[in-house]
Amino acid sequence: MHNLLIVVAALLAQTPAAKPATAEDAKSFVKKLDGDLRKLYVRQSTAEWIKSTYITDDTERNAAAFNEDLMAYLNTANKEAARFKGLKLDAETERMLYLLRISSALPAPSNAEKRTELASIAARLEGLYGKGKACKTGKDGKQVCRDLQELSDVMGKIADKKKPASYDELLEAWSSWHETSKEMRPLYERLVTLSNEGAREFGSEDLGQLWRSAYDMPPADFEKETDRLWTQVKPLYDDLHCYVRAKLAKKYGADKVSATGGIPAHLLGNMWAQEWANIYPLVEPYQGQSSLDLKKQLVAQKYDPQKLVKLGERFFTSMGMDPLPATFWERSQFVKPPGRDVVCHASAWDVTFSNDLRIKMCIKIDEEDLITVHHELGHNYYFQNYYTKPVLFQQGANDGFHEAIGDALTLSITPEYLKSLKLIDALPKDEKGLINVQMKDALEKIAFLPFGRMIDQWRWDVFTGKVKPADYNKHWWALRLKYQGVAPAGGARGEDFFDPGAKYHIPANVPYMRYFLARILQFQFHRAMCQAAGHKGPLHTCSVYGNKEAGSKLKAMLAMGASKPWPDALEALTGQRQMDATAILDYFQPLQAWLKEQNKGQQCGWQ
Ligand code: X8Z
Ligand code: ZN
């Protein structure tokens, strides 16, 4: 009997299905995976590029079809990879299998109909955002339509020197854009159901948990990590909020800006109240200092989109990086093409995963886009340094790293650097000048932090089912108040609206915690590059422009891509293995001390 069992077991072991997988099998599996994925990725991103630069029903359907193929492949590959669980594998194979599981932000169920539906909804939602226009009938009976760019221009004119937008104009522009996302709601609900189903097939409890699994630590620890970082920086945000609210209350009156409540979302110079640089003239600490208005100088010096991008490229090459390939200049989209809908939201691409670098923007000549150009080139330079690796390693160490590279360099756009370009006339002279500069930086960097933290809190809560569709908007505004101290413009927003959909990354399904991490990491990277450059003195005085030592340290980290867990990459550049907010706090130390003085006697915080 005993012998018979052995014989049966031996026979079973010979049938391919029952043969236990070996470490060698795993190695061959990831090798084939790399080849397959490369093909599928290239097809998908080619179709995505075409769709994003020319939105029509046809390009949308075409992109959805390629996306569907990729989704189907990933679903099957993930299930196959389960065979290798528990095996002792070499580090590279192990890493690839991990990256395979977390590689998709939108996992699809194995059911073919559901997958088709999900792919088509995803394409549709991003298309709706790209095409979004607010239309009304003008006095002459004709339809007048405005797109996001036009409506954002109004928001940005809150403190315009020549013709500032009035309270009512701001509210109207804000409300108009927030009308355009209403029709996304039923589609988004369905996206949540279907992608959650996919995430469960990928071994997570829901899609939010799958997203949180992408940081080389258990997902629950990652959530704690984001809270730890937020707690580190919240006091500085609170100081800024308090000062800004008092200024706005003075300007608009206590009936419009309550002294103890959230700041109305349309009074911060940005459609989403995420970055507040446009209100700088309203909150400028000291008048009569040298002007920090770059837009005027950019226009006067006849900067066009190409010249702006060249300026960005020069920053990277000054640190020893290679120039962008010739094809970058031929294939990129710098301006909005006339007569067709495109996704204007800025992005960077390596369409064929082989140094086929591009950016897609609708560039305006102003400071905001000067920063965005550097941001996007940061992505391109990451691509440039890792494109020879297997495709699964062609990613940031984590997604926050990717978002932080270009921004880290913009921290070196100091007044001295700007003066060398004649973009400002004079250097800020004393403590007062410094506070002005820091205020402007803080409106950009510090104001963003709670926004960056809250967007995915909303999605995490939606994906777990804690928040039902009937409360989508209610929860959105509860979080905006909790984290940002920002309140809906013009009073409560009911569930007939879908305000999350008015922010690109929700319909486009791009995870957002990366931007929160990036705001913190970029200062950590900056501090490390400054150390490599031998900088002495306060962090905010450092510029690594032209510094090859800083450049080569950065390059070494970029070249690792996602081949190692992110703490290894962080260590390569900074010597630290933890994300750490002390660099951003250190950078803004002068401003924070100043804000504390200004806020004395004020009642800060909000209900
Ligand atoms: O989406 C972006 C980039 C493209 S990766 C332009 N950013 C976030 C946003 O616009 O909301 C950069 C800052 C935050
Ligand atoms: Zn980015």
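Above this text is the structure in question.
Read on for a plain summary of the structure. The model shown is predicted, which means the values in this text are computed figures rather than measured ones.

**Here's the deal with the overall build of the protein chain**
A count of helical and extended segments in the protein chain gives 25 helices and 6 strands. Along the longest, intermediate and shortest principal axes, the C-alpha atoms of the protein chain span 95 × 60 × 50 Å. A sequence separation of at least 24 residues applies to 77% of the contacts in the protein chain between residues at least 6 apart. Accessible surface computed for the protein chain: about 25200 Å², of which carbon and sulfur atoms make up 54%. Separation between the mean location of the 80 positive side-chain charges and that of the 76 negative ones in the protein chain comes to 2 Å.

**Regarding the site of ligand 1**
Around ligand 1 there are 13 residues in total, and Q274, H345, K503, H505 and Y512 lie nearest to it. A distance of 2.7 Å separates an oxygen atom of ligand 1 from a polar atom in the side chain of K503. In the model, an oxygen atom of ligand 1 is placed 2.5 Å from a nitrogen or oxygen of the Y512 side chain. When isolated, ligand 1 has an accessible area of 370 Å², and the protein chains bury 87% of it.

**Notes on unusual backbone geometry**
With a phi close to 60 degrees, K302 is a non-glycine residue in the positive phi region. Counting through the fold element by element, K302 comes out in the loop between α12 (294–300) and α13 (305–318). The backbone of N509 shows a phi angle near 55 degrees, a positive value even though the residue is not glycine. Inspection of the secondary structure puts N509 in the loop between β6 (486–487) and α21 (513–532). The exposure class of N509 is buried, given its relative accessible area of 7%.

**Remarks on the side chain of D356**
Structurally, D356 is set in the loop between β4 (347–350) and β5 (357–360). Engagement of the side chain of D356 in a polar contact is seen with the side chain of T352, the distance being 3.4 Å. If we skip the residues at most four places from it in the chain, D356 touches R331, W349, D350 and V351.

**Some thoughts on the coordination of the zinc ion (ligand 2)**
Protein-derived ligands of the zinc ion (ligand 2) are H375 (NE2), H379 (NE2) and E403 (OE), with the metal-ligand distances lying across 2.0 to 2.1 Å. Given 4 donor atoms and angles of 89 to 127 degrees at the metal, the environment of the zinc ion (ligand 2) is assigned as tetrahedral.

**Things to note about the pattern of salt bridges**
This structure, assessed with the given rule, holds 37 salt bridges. For K32, the salt bridge identified is with D36, shortest N-O distance 2.7 Å. With K32 and D36 both in helix α2 (residues 23–52) and 4 residues apart, the pair spans about one turn of that helix. Judged by relative accessible area, which is 19%, D36 ranks as buried. Close ionic contact of R514 with D399 constitutes a salt bridge, the shortest N to O distance being 3.4 Å. On the criterion of sequence distance, the pair formed by R514 in helix α21 and D399 in helix α16 (residues 399–410) is long-range, its members being 115 residues apart. For R514, a relative accessible area of 17% corresponds to the buried category. Residue D399 is classed as partly exposed on the basis of its relative accessible area, which comes to 22%.

Quick notes on the rules
- Residues numbered from 1 in each chain as written.
- Chains lettered and ligands numbered in written order.
- Predicted model: local features only at pLDDT ≥ 70, side-chain atom pairs only at ≥ 80, totals over all residues.
- Heavy atoms only, no water.
- Helix = DSSP H or I, 4+ residues; strand = E, 2+ residues; numbered from the N terminus.
- Contact = heavy atoms within 4.5 Å.
- Areas by Shrake-Rupley, 256 points an atom, 1.4 Å probe, with all protein chains shown as cover.
- Lys, Arg positive; Asp, Glu negative; His and termini not counted.
- Charge placed at Lys NZ, Arg CZ, Asp CG, Glu CD.
- Near = heavy atom within 4 Å.
- Polar contact = N/O pair within 3.5 Å; in protein donor to acceptor, adjacent residues only side chain to side chain.
- Buried < 20%, exposed > 50% of the residue type's maximum accessible area, 1.4 Å probe, protein only.
- Donors = N, O, S within 2.8 Å, 3.2 Å for Na, K, Ca; no water.
- Tetrahedral: all angles 85-135°; square planar, octahedral: opposite > 155°, others 65-115°.
- Salt bridge = Lys/Arg side-chain N within 4 Å of Asp/Glu carboxyl O.

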